[in-house]
Amino acid sequence: MTGIKYAWSAVGGDPALLPRVSTVLREGALPARLPVRELARACVGACALAAAELGARRAGLAEVPGVRLDDGAIATAFVSERHLLVDGRAPVTFAPLSRFWRTADGWVRTHANYPHHRARLLTALGMTQEDPDALGAALAERSSREVEESVYAAGGLAVALRSPEEWAVHEQAAAVARRPLVERERLNTARARALPPLDGAPLLPAAGVRVLDLTRVIAGPVATRTLALLGADVLRVDAPHLPELADQHADTGFGKRSATLDLVADRRAFEDLLAAADVVVTGYRPGTLDRFGLSAQELAERRPGLVVAQLSAWGSHGPWGGRRGFDSLVQAATGIAAIEGSAERPGALPAQALDHGTGYLLAAAVLRALTERAEQGYGRCVRLSLARTAAWLTHRIEPGPAGSLAYDGPDAWLTERDSALGRLRYALSPVSFAGGPVDWARPPGVWGADPARWA
């Protein structure tokens, strides 16, 4: 219970509720040198317990429902993007230029899944066409740190492979280490909108909660996908010129609606959404949305009682605070890829565990903020980063017992349904508590096809 205890404390949970959690341990779930299974279990456990707590408060229950964590369900959900099938087709999770490359002095990890990031990577290296062989040759002539800096200067994404020791002396590692796993603050002194009591089954703790989802890729969308499972009206809003990758949207769009808005041209529509929102979740690098008046403080001034949840790759402090980043890049920088690799080649965790783990922890922090808001009023802000989750994984979590049951594969936690995108096979949510939902109320729809208004 050490990992769950730490995660639950990080979101401000009452330790007296921890005995409500039971765990099914399975050997072979998320195997790795680092305690990935324990991290995954802790993040999902904190989320499920926060959901059960909020549901009990809103339903007037005398006791918080019991939470059941199954390593099999968690391991399956942590690689949900790999289990997704759309009309029998498996998605492509990484583009050809998103990988490790040899450099003159080591390795560098690039990320070029999005077209604009791919174009910037090529521009930084003086290339005009996507040619993996030519790119590999260009990188082999440069040092890893030179590539890192030149690509970031061009707005692209590349990170030099570092050992844990090299990362430990980096200024960004020191900045990350000074921050808590979950940063929590009260935003204002205005009373929040009271949520109505719950009645009926299943128990949906977030029913009636309006969530404005300004996130992309995996971690943020996993958090909002989880809030949608729990009954929230989640509206994801993207810029029209930055479409989400289709398969990524299919994996993380369950339970949500998807709209597009230009924050300049459609400002009135956005302000109308904000005026009725309970939660705003952002997943852009720190400072990106501030120029649109979307800092936590400005949002709370315009919508008193708002819960603001902010997610970033590297945190909002330190020399890399304003940099873009993804799970694979954070693994490369923080020593995780070196730990999981060999002398011949860098490795990786068995899942994009920083993304998924931080996503469930972010959802837990939002749910706990809603519980605190119901008891005390006032808005809240929570902040998490992939780098801080990485520091927790590499330094704070102890490996747990192996378990007497085996993880025999994902089949028990996969299901199918039809959607506007086609026939979907997908992983069920691992967030489970007595009386809670089993599946999402709706499948993902077409990206950007919904109107920008609350249901």
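Being a predicted model, the structure only gives us computed values, none of them experimental. (Residues numbered from 1 in each chain as written. Predicted model: local features only at pLDDT ≥ 70, side-chain atom pairs only at ≥ 80, totals over all residues. Heavy atoms only, no water.)

1. Let's talk about the sheet that holds strand β16 (residues 414–419)
Reading across the sheet, the 3 strands line up as β4-β17-β16 and stay open at both edges, with antiparallel pairing between neighbours. Where the open sheet ends on each side, the last strands, each with one partner, are β4 (85–86) and β16. Here 2 bridges tie β4 to strand β17 (residues 422–427), and the two strands are oriented antiparallel to one another. Within β17, the residue paired with Val86 across the bridge is Leu424. (Pairing = 2+ DSSP bridges. Helix = DSSP H or I, 4+ residues; strand = E, 2+ residues; numbered from the N terminus.)

2. Description of the environment of Phe78
Mapping Phe78 onto the fold places it in the loop between α3 (71–77) and α4 (80–83). For the pair Phe78 and Pro430, spaced 352 residues apart in the sequence, the C-alpha separation amounts to 9.0 Å. Dropping the residues within four chain positions of it, Phe78 is found in contact with Leu30, Ala40, Val44, Ala351, Gln352, Ala353, His356, Gly357 and Tyr360. (Contact = heavy atoms within 4.5 Å.)

3. Describing the pairing of β16
Here β16 runs beside β17; their pairing, made up of 6 bridges, is antiparallel. For Glu416, the partnering residue across the bridge sits in β17 and is Arg425. Connecting β16 to the antiparallel partner β17 that follows it, the hairpin turn spans 2 residues.

4. What to know about the sheet that holds strand β5 (residues 100–102)
Sheet architecture is open: 3 strands sit in the order β5-β6-β7, paired in antiparallel fashion. Edge strands, defined here as strands with exactly one partner in the open sheet, are β5 and β7 (158–160). For this sheet, the mean inter-axis angle between neighbouring strands, taken without regard to orientation, is 30 degrees. Of the strand pairs in this sheet, β5 and strand β6 (residues 107–110) are connected by 3 bridges, and their pairing is antiparallel. Bridged to Trp101 within β6 is Val108. Where helix α6 (residues 132–140) meets the sheet, it contacts β5 and β6, and its direction lies at approximately 55 degrees from that of β5. Sheet strands touched by helix α7 (residues 144–153): β6 and β7. Its angle to β7, the strand with the most contacts, is close to 155 degrees. (Axes fitted to C-alpha atoms, helices over the stretch in contact; angles between N-to-C directions.)

5. Notes on the packing of helix α16 (residues 353–376) against helix α17 (residues 386–395)
Two quantities define a packed helix pair, namely the angle between the axes and the distance from one axis to the other. Where α16 contacts α17, the two axes come as close as 9 Å, and the packing angle between them is 105 degrees. Here α17 runs roughly perpendicular to α16, going by the angle between their axes. In this structure, α16 contributes Leu354, Asp355, Thr358 and Leu361 to the contact, and α17 contributes Leu386, Thr389, Ala390, Trp392 and Leu393. Split by residue class, the contact of α16 with α17 holds 6 nonpolar, 2 polar and 1 charged. (Parallel < 35°, antiparallel > 145°, perpendicular 65-115°, else oblique. Nonpolar A, V, L, I, M, F, W, Y, C, P; charged D, E, K, R; others polar.)

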